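Summary of the model geometry
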Amino acid sequence: SFLFIQDFSKAMSQAGSSQFQEVIRQELEYSMKVELDKILATAHSNEIEHTKKDLEGFKKLFHRFLQEKGPSVDWGKIQRPPEDSIQPYEKIKARGLPDNIASVLNKLVVVKLNGGLGTSMGCKGPKSLIGVRNENTFLDLTVQQIEHLNKSYNTDVPLVLMNSFNTDDDTKKILQKYSHSRVKIYTFNQSRYPRINKETLLPIAKDVSYSGENTECWYPPGHGDIYASFYNSGLLDNLIAEGKEYIFVSNIDNLGATVDLYILNHLMNPPNGKRCEFVMEVTNKTRADVKGGTLTQYENKLRLVEIAQVPKAHVDEFKSVSKFKIFNTNNLWIALSAIKRLQEKNAIDMEIIVNPKTLDGGLNVIQLETAVGAAIKSFENSLGINVPRSRFLPVKTTSDLLLVMSNLYSLNAGSLTMSEKREFPTVPLVKLGSSFTKVQDYLRRFESIPDMLELDHLTVSGDVTFGKNVSLKGTVIIIANHGDRIDIPAGALLENKIVSGNLRILDH
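Residues numbered from 1 in each chain as written. Predicted model: local features only at pLDDT ≥ 70, side-chain atom pairs only at ≥ 80, totals over all residues. Heavy atoms only, no water.

If you look the protein up in an unreviewed UniProt entry, it shows as UTP--glucose-1-phosphate uridylyltransferase from Erithacus rubecula. Taken directly from UniProt, the Subunit (unreviewed entry) text for the protein runs: "Homooctamer." According to the UniProt record, the Sequence similarities (unreviewed entry) comment for the protein is "Belongs to the UDPGP type 1 family." (UniProt positions renumbered as here; feature names shortened; annotations may be inferred.)

Before going further, it helps to examine the UniProt feature "binding site: UTP" (unreviewed entry) in the protein. According to UniProt, the feature "binding site: UTP" (unreviewed entry) maps to Lys 127, Gln 190, Gly 222, Asp 253 and Lys 396 in the numbering used here. Checked against the lining of the second largest pocket, the annotated residues just named reduce to Gln 190. For Lys 127, the location among the structural elements is in the loop between β2 (108-114) and β3 (131-133). Not counting the four nearest positions on each side in its chain, Lys 127 is found in contact with Gly 116, Leu 117, Gly 118, Met 121, Phe 138, Asp 253, Val 395 and Lys 396. Positionally, Gln 190 belongs in the loop between β6 (185-189) and β7 (193-194). A relative accessible area of 9% places Gln 190 in the buried class. Excluding its chain neighbours within four sequence positions, the residues that come into contact with Gln 190 are Gly 115, Met 162, Asn 163, Ser 164, Pro 220, Pro 221, Gly 222, Asp 225 and Ser 229. (1 Å grid on protein atoms, 1.4 Å probe; cavity = no way out; pocket = protein on both sides within 12 Å on 5 of 7 lines; lining within 4 Å. Helix = DSSP H or I, 4+ residues; strand = E, 2+ residues; numbered from the N terminus. Contact = heavy atoms within 4.5 Å. Buried < 20%, exposed > 50% of the residue type's maximum accessible area, 1.4 Å probe, protein only.)

Before going further, it helps to examine the side chain of Gln 145. You can see Gln 145 is positioned in helix α5 (residues 138-153). Judged by its relative accessible area of 11%, Gln 145 falls in the buried class. In this structure the side chain of Gln 145 is engaged in a polar contact, spanning 2.8 Å, whose partner is the backbone oxygen of Gly 414. With residues up to four places along the chain from it excluded, the contact list for Gln 145 reads Ala 257, Thr 258, Ala 413, Gly 414 and Ser 415. (Polar contact = N/O pair within 3.5 Å; in protein donor to acceptor, adjacent residues only side chain to side chain.)

Here we come to the UniProt feature "binding site: substrate" (unreviewed entry) in the protein. Here the UniProt-annotated "binding site: substrate" (unreviewed entry) positions come out as His 223. Relative to the elements of secondary structure, His 223 occurs in the loop between β9 (218-219) and α7 (226-232). Non-local contacts of His 223, meaning those with residues more than four positions away in its chain, are made with Leu 113, Met 162, Asn 251, Asn 330, Thr 370, Ala 371 and Val 372.

Moving on, we get to unusual backbone geometry. If you check the backbone angles, Asn 330 has positive phi at about 65 degrees while not being a glycine. Counting through the fold element by element, Asn 330 comes out in strand β14 (residues 326-335). Taking relative accessible area as the criterion, Asn 330 reaches 7% and is therefore assigned buried.

Another point: the sheet that holds strand β16 (residues 364-369). Overall, antiparallel pairing links the three strands, which are arranged β8-β16-β15 in an open sheet. Of all strands in the sheet, those with a lone pairing partner are β8 (196-197) and β15 (353-358), marking the two edges. Sitting on the sheet, helix α2 (residues 48-67) is in contact with β8, β15 and β16, with an inclination near 105 degrees to β16. (Pairing = 2+ DSSP bridges. Axes fitted to C-alpha atoms, helices over the stretch in contact; angles between N-to-C directions.)

Rendered as structure tokens:
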């Protein structure tokens, strides 16, 4: 009977704790509602409507955040995807293209995720306006690619930019320069959500404004917000009314994400007659990609699992290249009608990503986000396509920028392709030190971009500059210790070399 009493009191305390947790949850939600109502009350009449939509969306996300605890996947249920659920790109390409490829292209809309700032590369303003190649920005290259498509096939593929409140004004100013290009360009804004204090779980904003000292109070909630924002903007319905059927979504800083006619044809003319509502391009992991999200089979659905969702005990297993061989490139092809249907049923299920930040004043906040690819499990008949690595060419750092500016790539109609002069298809590993982090510092340190056709590995650390027409081959490591400076002279050839110490080239 003593055991029974122990079990009973344990059960009671557990019930009590879950009831207690429920009471706390309800109180937090109520406090949040009160604060959000106060914020909404400060809106001008012309901003009430969209602020209300934003705050409603945030409330839903916050509610889910309070419900969910711990990693969101049960590791025991994760299985390898079935063979046919991830198709090799070669197989899709082998089908060739139909004669009427123009009519297929006319059903497509290209969407670029354009909410990010260039801060990680030391730039103010939208990342898409950083110059990447011959003075062309990410946005220039995107417009050139689509214009080339429209001219070549006499089609009308529009470009849609999902901006954030951080990038909208600057982007719109720049768009005027494309007014005569053969691309219709539309924009819509992702939501603006309040950052919340990590301790109190209440918004740090006191009113709706987001300029001046209030800029840190708000954030765009990740690219998973695309479904609701696209739908709410009215643009989704307009494009469906124009006869558009699929969107191709990708990050604007992924220079490999060009429109692929073979994948589009596979979507529009599926071999088994059953259309996919969602296609995710994946590519093989290398050692550099251990953190990328991977496609798994979970409860009979394809599911994207991100590192943040993995229980701590399994993180190493998740990172292993042998068990999970592929990762998500975030190049996605999605049926417009499916987005509309799921959005109207409130049936798009994406895991919440809790992103902790420390503000300039030292305050710890969290922002709740979602990722666009996580919705794959909500769509019918989803598919992964294992594409060549060349379709994943993101520029996140100046090390990436050096690769895309170099002679490893040639530029044609806005698309970068690996030079035929490179003997092996892999990209060299480039690590530039902290003196190169900001774009303007990086540009100052290269008089011209070195010849890198035969380079395997480059590490540069410290105060180093490169003269004109330098050639780098094999493995090159250049280390200027603290207080030293190394100037690589114009015309130098460095092949399998380690350079350290002090090397000043003085102009005579």
